[in-house]
Amino acid sequence: MAGKQNQSTSARSREQGKEQKLLEFIFSQPDLDSIRNNPQKVVDLIDKFSETYSFMTVGPEKGPIVTDLITKYRPQTMIELGCYVGYSAILYGDAVRRAGGKRYLSLELNPEFAEIARKLIELAGLGDFVTILVGRSDVLLNQLYESGQVKEIELLFIDHYKPAYTTDLKLCEQLGLIVPGVSVIAADNVIYPGNPPYLEYVRSSVEKKRQEAAKGPVRTYVTEGFLERTVNAYMGDESAPKFEILGNPNLVYESVLRQPEGYKDAIEVTRCVGVQEG
Ligand SMILES: C[S@@+](CC[C@H](N)C(=O)[O-])C[C@H]1O[C@@H](n2cnc3c(N)ncnc32)[C@H](O)[C@@H]1O
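Residues numbered from 1 in each chain as written. Predicted model: local features only at pLDDT ≥ 70, side-chain atom pairs only at ≥ 80, totals over all residues. Heavy atoms only, no water.

**Q** Which residues make up the packing of aromatic side chains, and what are the values?
**A** Summed over the entire model, instances satisfying the criterion amount to eight aromatic pairs. Taken together, a centroid distance of 5.4 Å and an interplanar angle of 85° make the contact between Y92 and F157 edge-to-face. Of the two residues, Y92 sits in helix α6 (residues 87-98) while F157 sits in strand β4 (residues 155-158), which places them 65 residues apart along the sequence. On the basis of relative accessibility, which here comes to 0%, the residue Y92 falls in the buried class. Considering the side-chain rings of Y161 and Y221, the 5.3 Å spacing of their centres and the 75° angle between planes classify their relative orientation as edge-to-face. Here Y161, found in the loop between β4 and α9 (164-174), pairs with Y221, found in the loop between α12 (206-213) and α13 (228-232); they are 60 residues apart in sequence, far enough to count as distant. The residues Y161 and Y221 share a single accessibility class, namely buried. Members of the aromatic cluster, connected to one another through ring pairs, are F25, F49, Y53, F55, Y84 and F113. Positioned over the ring face of F55 is K18, at 5.4 Å from the centre of the ring. (Phe/Tyr/Trp six-rings, centres within 6.5 Å; stacked < 30°, edge-to-face > 60°. Helix = DSSP H or I, 4+ residues; strand = E, 2+ residues; numbered from the N terminus. Buried < 20%, exposed > 50% of the residue type's maximum accessible area, 1.4 Å probe, protein only. Lys NZ or Arg CZ within 6 Å of the ring centre and 35° of its normal.)

Right under this line is the structure:
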């Protein structure tokens, strides 16, 4: 038992500062000049370093699911919730730019992660295309709406605090940012570690969502169905949404699970296809 404890303590300390180590690993590459302005090479190096340390990036197995959506829907603006070290921002920012898009907005709570991501995004040559906004996703989404910078969600990649997936989507709904025939939402980690409340919401009928909405707005995260460490991750004392959350139950979604064959996790892809009145 004691041996086990020591092992996990040393594993934990080995993992501490790994994001900074990643930066050092990449910037000490002998062929740095050939990596500069090459998004795929930066992504490949993050994958390579992930063989030594575990990083919570979308990764090479699930990565193409969202790249395919970018190629198909060609968003002018793509937004992601949860930047971390910038892996998905580089992979998808590059894809949006190649598909003729205008900008990639990445929302990140942790200023240290944001700083590391900024350096890698700059190295990848995406500094003018990808903008990292530092803060809580709900506050930032509301600011983007209030300032008129974002009028509708085209493609949204959700990959941050798991209990906030549903509340942030509902916030976008009540702000009128989710538009039938336009908005597509890709949500990561819905199987591992899992997000039962989110899957239930995006797969629910309008009638069922109306019944829930009739109970009135909420200002709490639903935490049932999550692992304890998932609930306790990231947000610290900020354990409630900043806004009253009601959503728009009248929006009709078509939602499918995209799971790479034999892989433990999946991305839920949800399209807003209509609005049901009456
Ligand atoms: C799974 S990682 C994102 C990985 C990244 N999308 C990728 O594939 O490379 C989750 C990130 O979300 C951030 N985060 C957690 N809660 C957040 C919130 N409420 N608003 C914004 N960012 C948040 C965390 O700090 C962490 O960096």
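Right, picking up where we left off after that structure.
**Q** Summarise the site of the ligand; cite the residues concerned and give the values.
**A** Near the ligand you find 22 residues, and of these V58, G82, S88, E108 and D159 are the closest. Here S88 contributes a side-chain N or O atom positioned 2.8 Å from a nitrogen atom of the ligand. Between an oxygen atom of the ligand and a side-chain N or O atom of E108, the distance comes to 2.6 Å. Notes on the ligand: free accessible area 610 Å², of which the protein chains cover 99%. Of all the secondary-structure elements, those providing two or more residues to the shell around the ligand are α6 and β2 (103-108). Tallied by class, the residues present in the shell around the ligand amount to twelve nonpolar, seven polar and three charged. (Near = heavy atom within 4 Å. Polar contact = N/O pair within 3.5 Å; in protein donor to acceptor, adjacent residues only side chain to side chain. Areas by Shrake-Rupley, 256 points an atom, 1.4 Å probe, with all protein chains shown as cover. Nonpolar A, V, L, I, M, F, W, Y, C, P; charged D, E, K, R; others polar.)

**Q** Let's hear about a nonpolar patch on the surface: which residues, and what values?
**A** A grouping of M56, L109 and Y234 is seen on the molecular surface, where their side chains present a nonpolar patch of about 270 Å² in accessible area. Within the secondary structure, M56 is located in the loop between α4 (39-49) and α5 (59-73). (Patch = residues over 30% accessible without salt bridge, like charges linked within 9 Å, V, L, I, M, F, W, Y side chains within 5 Å. Salt bridge = Lys/Arg side-chain N within 4 Å of Asp/Glu carboxyl O.)

**Q** Describe the packing of α4 against α6, with residues and values.
**A** Two elements in contact, α4 and α6, have axes whose closest approach is 9 Å; the angle formed by their N-to-C orientations is 155°. It follows that α4 is roughly antiparallel to α6 by the angle criterion. The crossing of α4 and α6 is left-handed. Residues P39, Q40, V42, V43, I46 and D47 of α4 form the contact with α6, whose participating residues are Y87, I90, L91, D94 and R97. Of the residues contributing to the contact of α4 with α6, the split by class is seven nonpolar, one polar and three charged. (Axes fitted to C-alpha atoms, helices over the stretch in contact; angles between N-to-C directions. Parallel < 35°, antiparallel > 145°, perpendicular 65-115°, else oblique. Left-handed = near helix turned anticlockwise from the far one by under 90°. Contact = heavy atoms within 4.5 Å.)

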